[in-house]
Amino acid sequence: TGTLTWRGNKYSLDNGKMLLRGCILRNTEWCFGMVIFAGLQTKLMQNCGKTKFKRTTIDKLMNTLVLWIFAFLICMGVILATGNTIWETWIGRGFEMFLPWTKFQIGTVFSGFLTFWSYIIILNTVVPISLYVSVEVLRLGHSFFINWDVKMYDCQTNTAAVARTTTLNEELGQVEFIFSDKTGTLTQNIMVFSKCSINGTIYGNFTLHLFQEQSCVDFSYNLLSDGAFKFYDNTLVEAVKQKDSAVQEFLRLLALCHTVMSEERKLVYQAQSPDEAALVTAARNFGFAFWSRTPESITVCEMGQVVTYQLLAILDFNNTRKRMSVIVRDAQGRIKLYCKGADTIIFDLLDPSSKDLMHTTSEQLNEFAGEGLRTLALAYKDLDEEYYDVWMKKFLFVSTVLENREDQLAALHEEIERGMKLLGATAIEDKLQEGVPETISKLNLADIKIWVLTGDKQETAVNIGYSCNMLRDDMTDVFVVSGHTLTEVQQQLRSCPYRHEGVTCSGGNLPLPNRSWAHALEPQLEIVFLDLACLCKTVICCRVTPMQKAQVVELVRKHKRAVTLAVGDGANDVSMIKTSHIGVGISGQEGMQAVLASDYSFAQFRYLQRLLLVHGRWSYFRMSNFLSYFFYKNFAFTLVHFWYGFYCGFSAQTVYDQWFITLFNIVYTSLPVLAMGLFDQDVNDQNSLRHPSLYKSGQNNLLFNKRQFFLCTVHGMTTSFLLFFIPYGAFSVMVKEDGSHSSDQQTFAVTIATSLVIVVSVQIGLSMHYWTAVNHLFVWGSLAMYFVILFAMQSDGLFGVLPNIFSFVGAARNCLSEKSVWLVILLTTAVCIVPDLFVRSIRASLFPTQTDRVHKSCKRQRPEEQNLRRACRTSSRRSAYAFSHQEGFGELITSGKNMRTSRVSSTCSYERTAPSSKWIENVIKRTNAVSCISFGSPNKQHQS
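Since the model is a prediction, treat every value here as computed from it, not as a measurement.

### A closer look at the overall build of the protein chain
Along its length, the protein chain carries 35 helices and 21 strands. Residue pairs in contact within the protein chain that sit at least 24 positions apart in sequence constitute 76% of those at least 6 positions apart. Accessible surface for the protein chain amounts to roughly 44700 Å². Of this, 57% is attributable to carbon and sulfur atoms.

Structure follows, in structure tokens:
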């Protein structure tokens, strides 16, 4: 609060005088203002939180493994250097006649030191430096696949899925917790008038019979109807045409009791909340069309007749009152109060004569709530002129009181609202986004826990939970924490039956309102709350601030060490999106702040299942197989030098020629492993969605971990051992066809190199689950490229051009022309591959994975899909009242500040506002001339 002094006058300042960022001033020629809370002091910036650098679990593991590999490299260098020192001491001196030391006196220890660094250089290929480049290429490719997925493209908004980062793709396959906003994320934030109860009669309660489609009400008779409005019960239209007094009063209330603004000359409504727009639109279609308003009047077209009501007062909505009322004077001079609000509040203010109707309506409200609809109770009251004058004097006096003004106004509002007569109730459906229940059901089957963090009230969030299958009627253990103090919340958390049973609750649910939530985040209770919440299948947190959303995500990240994903559509979700491991923004009705802060974005919540269960799982699967194979081939390639060191006097002599060492990771094996990392898939996208349990392997980190790394390195070391010793043993006894020995070093090198390329090519073929034309081209093309380059580099032509570089002329031709060499290569390949084939077969037969089971089930028959249809539930839980959860704009409307100057002149009387609706009569007259059915020609305008 504050005080503004302007030209000698003082004006009070409060929240009602504040304009938030992004507000638009309409019909305002000029104004004076002062900027406060700018820059970092704005609520938006304070709620955004710090931007964190996000790294995946595999990234962190890779860094650790590279350090291990480097330590292993050091160990191999020490072993070989020690061997060189021993060899030089005991054996090397016998070679002084060939390598005289007279000029270069060198100690054995220093020789071992030099050998250590020589082997560090030779064996450096075991450290996968190129791995990081390859991983980034794969991630870029996976991101393009997300961007190109037409099944994640929304035609209505022309919005495609966008991967705004390339570093988190495989993390999408390991998510355990999803934190979701409600409005605009799970719902469309579009309200639809679904049902109503008037004087105990339900309208809109229809049943679809088999092979019979319910027809929509035809509103073509109403010239002012909204073509987009749909209703499926003709009985309400018949009641309107028969001029049922209760129905007319009900619709008149909807047309008058609101703060909606309409654009001039056309019926386009601008409402504070979608609920109000839905109610006013419904009244419009049933013949009570709100047309325009001034600070002193409301113009309505009732059954074809233009009626202007004098607006005497607006008793606005707030979170304490939970209702809104207007006081108007009709054309006959009668004063009436119309009120709508939460049924629990309205029922306490009713006249005793409405007791029977109240019980009937209450049962109907329970039925509406059971369907997840947002409800309002409607009531009215006839006011005596004298009583109203007295009350208005009190109202004007209290409005200027400085102390306890709000409390005194609330008491005065309640005084005039007592003794109302009940009219009925409305039921509005906050439409879920398409596919939300099915998406949540599949994510639950994937063992992903979904927490809803919303700023809405508890009733709203709980009913949306039922609508989208997060809560079900078979979940009898819904545990609500509703304490108002720290002690109460602590007692409720510790008295939870799930905690005493000490078992995981498959049906437990935990709705938390705002005050309880604030206490649950206290340091002494956060662990208790987290343990309890993790036992539940669903957690719903209500009235949560943006910063509290970030706190709960950080709480789970810190203590559960699980991969978290946050999804939202508004600026209030930015802090949550930034705090989680993965942030997903939905481009909805609330701007682009969430999208700009997110890692991935799309238009509909239903695309989340495809992002996680298909792209996320594929990315994790491909990356895991890629890393396992990459480490395997590097160890198989490099450790041959280690075994060879024991037979070359630890002299740091390489087995392969330098060109093969250079081209092995760049040409011979780079493209096949990239193809596997880009295109491989164990099951297709349909089976990935049909079997959500496949996702659990990523959550449990089964495909690539330290154990898998150890197994693939042992596999690589074994392959390198066989690659060296099988040719070594064969060459020690093998002779050529002419009887000469084939024991030259280059022939030995070509044999091992050829065996190595064939083995790793066959191995990647065994590891690949999904073959494409690109995979075939890269795998077999790389193998063919090896032979082409091998014969080219050892050809006579290159030797003649560069004899110093390509000195092994004809070695490959002479070596590979021998049948015995090919037998050695075949034997080496078979010994390296057959054991792996045997292990794969035994494992698939005796220890099948979930993927193996899916493959078998797909071959036998199509698996039965879980019934994900929404079931109609009956519940006594009361639905949320259909209001925006903030203070209304009643004071702004009555002040006239949001209207044109010509319409708010202080000297303008009520009578002067009435002629503004004459043109409506002209429109109706012209349209009636060509209309087949109408309400009748408008009468002379009524004035009061």
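### Overview of the environment of N285
Assignment of secondary structure puts N285 in helix α7 (residues 274–285). On a C-alpha basis, the gap between N285 and K230 in space is 9.4 Å, while along the polypeptide they are 55 residues apart. In this structure N285 touches F219, Y221, N222, S225, D226 and F229, once residues within four positions along its chain are discounted.

### Considerations on the environment of S180
With respect to the helices and strands, the residue S180 is situated in strand β4 (residues 175–180). Spatially, the C-alpha atom of S180 lies 9.5 Å from that of D569, the residues being 389 residues apart in sequence.

### Notes on the nonpolar core
Counting residues in hydrophobic clusters, the biggest one holds 87 residues, and the most contacted among them are F626, L627, F631, Y656, F660 and L756. The element contributing the most residues to this core is helix α21 (residues 607–645), with 16 residues. If we ignore the near neighbours within four places in the chain, the residues touching F626 are L131, S134, V135, L138, V673, M676 and G677.

### Structural notes on a nonpolar patch on the surface
The grouping of L4, W6, Y11, L13, W30 and F32 at the surface amounts to a nonpolar patch, some 680 Å² of accessible area in total. Those elements giving two or more residues to the nonpolar patch turn out to be β1 (2–6) and β2 (9–13). The topology assignment puts F32 in the loop between β2 and α1 (43–48). Overall, the relative accessible area of 63% leaves F32 in the exposed class.

### Focus on the UniProt feature "transmembrane region" (unreviewed entry) in the protein chain
Within the UniProt annotation, "transmembrane region" (unreviewed entry) is assigned to residues 61–86, 106–133, 626–647, 659–679, 709–728, 748–766, 778–801 and 821–839. Along residues 626–647 the backbone is 91% helical and 0% strand, and the end-to-end C-alpha distance reaches 33 Å.

### With respect to the packing of helix α17 (residues 526–535) against helix α18 (residues 546–560)
α18 packs onto α17 with a crossing angle of 85° between their chain directions and a minimal axis gap of 11 Å. When the axes of α17 and α18 are compared, the pair comes out roughly perpendicular. Contact with α17, carried on its side by E526, I527, F529, L530, D531 and C534, involves L555, V556, H559 and K560 of α18 and no other residues of that element.

### A short note on α17
Extensive coverage of α17 is indicated by the burial of 7 of its 10 residues. Buried residues of α17: E526, V528, F529, L530, L532, A533 and C534, and no others.

### Things to note about the pattern of salt bridges
Summed over the entire model, instances satisfying the criterion amount to 23 salt bridges. Taking the shortest distance from any N to any O, the salt bridge between K549 and D181 comes out at 3.5 Å. With K549 in helix α18 and D181 in the loop between β4 and β5 (187–198), this pair connects stretches of sequence that are 368 residues apart. Each member of the pair, K549 as well as D181, carries the same accessibility label: buried. Residue E417 pairs with R321 through a salt bridge whose shortest N-O separation is 2.9 Å. One end of the pair, E417, is in helix α11 (residues 405–417); the other, R321, is in the loop between β11 (305–315) and β12 (323–329), and 96 residues separate them in sequence. Of the residues examined, E417 reaches a relative accessible area of 0% and is grouped as buried. You can call R321 buried: its relative accessible area is 5%. One continuous salt-bridge network, built from bridges that share partners, spans D59, E136, R139 and E170.

### Comments concerning the packing of aromatic side chains
Following the criterion strictly, the structure yields 52 aromatic pairs and no others. Ring centres of F116 and W117 lie 5.0 Å apart, and the angle between their planes is 80°; this geometry places the pair in the edge-to-face category. Aromatic side chains F724 and F725 sit 4.9 Å apart centroid to centroid with 90° between the ring planes, which places their arrangement in the edge-to-face category. Three or more aromatic residues link up through ring pairs in this structure, and these residues are F642, W643, Y644, F646, Y647, F650, F721, F724, F725, Y728, F731 and F748. One cation-aromatic arrangement involves K241 over Y221; the distance from NZ or CZ to the ring centre is 4.4 Å. The ring centre of F630 lies 4.4 Å from the NZ or CZ of K633, which sits over that ring.

### Description of the pairing of strand β18 (residues 538–541)
Judged by which residues are buried, β18 turns out to be covered on both faces: T538 and I540 on one side and V539 and C541 on the other are all buried. Relative to β18, strand β16 (residues 449–453) runs parallel, the two sharing 4 bridges. Within the sheet, the bridge partner assigned to I450 lies in β18 and is T538.

### Concerning the pairing of strand β19 (residues 563–568)
Buried residues dominate β19, accounting for 6 of its 6 residues. On β19, burial covers both faces: V563, L565 and V567 on one face and T564, A566 and G568 on the other are all buried. The pairing of β19 with strand β20 (residues 582–586) spans 4 bridges and is classified as parallel. Residue G568 lies in a different strand from β20, and its bridge partner there is G585. Note that the unit made of β19, helix α19 (residues 574–579) and β20 has a crossover that is right-handed.

### What about unusual backbone geometry?
A positive phi angle, close to 60°, is found at K322, a residue other than glycine. Looking at the secondary structure, you find K322 in the loop between β11 and β12. With relative accessibility at 26%, the residue K322 sits in the partly exposed group. Although it is not a glycine, R561 sits at a positive phi angle of roughly 50°. In this fold, R561 is placed in the loop between α18 and β19. Under the relative-accessibility criterion, R561 is labelled exposed at 74%.

### Some words on the side chain of T772
Structurally, the position occupied by T772 is in the loop between α27 (745–767) and α28 (773–793). Among the polar contacts made by the side chain of T772, one reaches the side chain of N775 at a distance of 2.3 Å.

### As for the packing of helix α6 (residues 245–256) against α7
One can describe the packing of α6 onto α7 by two numbers: an axis separation of 8 Å at closest approach and a directional angle of 130°. Classified by the angle between their axes, α6 and α7 sit oblique to one another. Judged by the sense of rotation from one axis to the other, the crossing of α6 with α7 is left-handed. Counting all contacts with α6, which are made through L251, L254 and A255, the residues of α7 involved are L279, V280 and A283.

### As for the sheet that holds strand β13 (residues 335–341)
Read from one edge to the other, the open sheet built from 9 strands follows the order β6-β5-β15-β14-β13-β12-β11-β10-β9, with strand pairing classed as antiparallel. Edge positions in the open sheet fall to β6 (201–203) and β9 (288–294), since each of these has one partner strand only. The average angle at which neighbouring strand axes cross in this sheet is 30°, direction not considered. Here 7 bridges tie β12 to β13, and the two strands are oriented antiparallel to one another. When the bridges of β13 are listed, M324 appears paired with K340. In the packing of α6 onto the sheet, contacts are made with β5, β6, β9, β10 (297–302), β11, β12, β13, β14 (374–383) and β15 (421–432), and the angle to β15 comes to roughly 60°. Each of β5, β9, β12, β13, β14 and β15 touches α7; the most contacted strand, β5, lies at about 45° to it.

### As for helix α4 (residues 129–148)
An α-helix turns once every 3.6 residues. As a result, residues three or four positions apart point the same way. For α4, which comprises 20 residues, the first-to-last C-alpha distance of 30 Å matches the rise-based estimate of 28 Å (1.5 Å per residue) to within 8%. Taken residue by residue, α4 has L131, S134, V135, L138, R139, G141, H142, S143 and I146 as its buried positions. Buried residues along α4 sit in contact with α2 (57–90), β3 (162–163), β21 (600–602), α21 and α23 (670–679).

### Describing the environment of G797
Turning to its location among the elements, G797 is positioned in helix α29 (residues 796–801). Distance in space between the C-alpha atoms of G797 and V809 is 9.0 Å, their sequence separation being 12 residues.

### Details of the side chain of S755
Looking at where S755 falls in the secondary structure, it is placed in helix α27. Relative accessible area serves as the criterion here: at 0%, S755 is assigned to the buried category. Leaving out residues up to four positions away in the same chain, S755 has contacts with L723, I825, T828 and T829.

### Section: the confidence of the model for the protein chain
For the protein chain, per-residue confidence averages 81 on the pLDDT scale, and 80% of positions sit at 70 or higher. Taken as a whole, residues 499–509 scores under 50 in pLDDT and shows 31 contacts with residues more than four places along the chain or in a different chain. Throughout residues 901–944 the model reports pLDDT below 50, and contacts reaching past four residues in sequence, or to other chains, amount to 68 contacts.

Conventions used here
Residues numbered from 1 in each chain as written. Predicted model: local features only at pLDDT ≥ 70, side-chain atom pairs only at ≥ 80, totals over all residues. Heavy atoms only, no water. Helix = DSSP H or I, 4+ residues; strand = E, 2+ residues; numbered from the N terminus. Contact = heavy atoms within 4.5 Å. Areas by Shrake-Rupley, 256 points an atom, 1.4 Å probe, with all protein chains shown as cover. Core = buried A, V, L, I, M, F, W, Y, C linked by side-chain atoms within 4.5 Å. Buried < 20%, exposed > 50% of the residue type's maximum accessible area, 1.4 Å probe, protein only. Patch = residues over 30% accessible without salt bridge, like charges linked within 9 Å, V, L, I, M, F, W, Y side chains within 5 Å. Salt bridge = Lys/Arg side-chain N within 4 Å of Asp/Glu carboxyl O. UniProt positions renumbered as here; feature names shortened; annotations may be inferred. Axes fitted to C-alpha atoms, helices over the stretch in contact; angles between N-to-C directions. Parallel < 35°, antiparallel > 145°, perpendicular 65-115°, else oblique. Phe/Tyr/Trp six-rings, centres within 6.5 Å; stacked < 30°, edge-to-face > 60°. Lys NZ or Arg CZ within 6 Å of the ring centre and 35° of its normal. Pairing = 2+ DSSP bridges. Right-handed = clockwise from strand over helix to strand, strands pointing away. Polar contact = N/O pair within 3.5 Å; in protein donor to acceptor, adjacent residues only side chain to side chain. Left-handed = near helix turned anticlockwise from the far one by under 90°. Expected span 1.5 Å × (residues − 1). pLDDT = per-residue confidence, 0-100.

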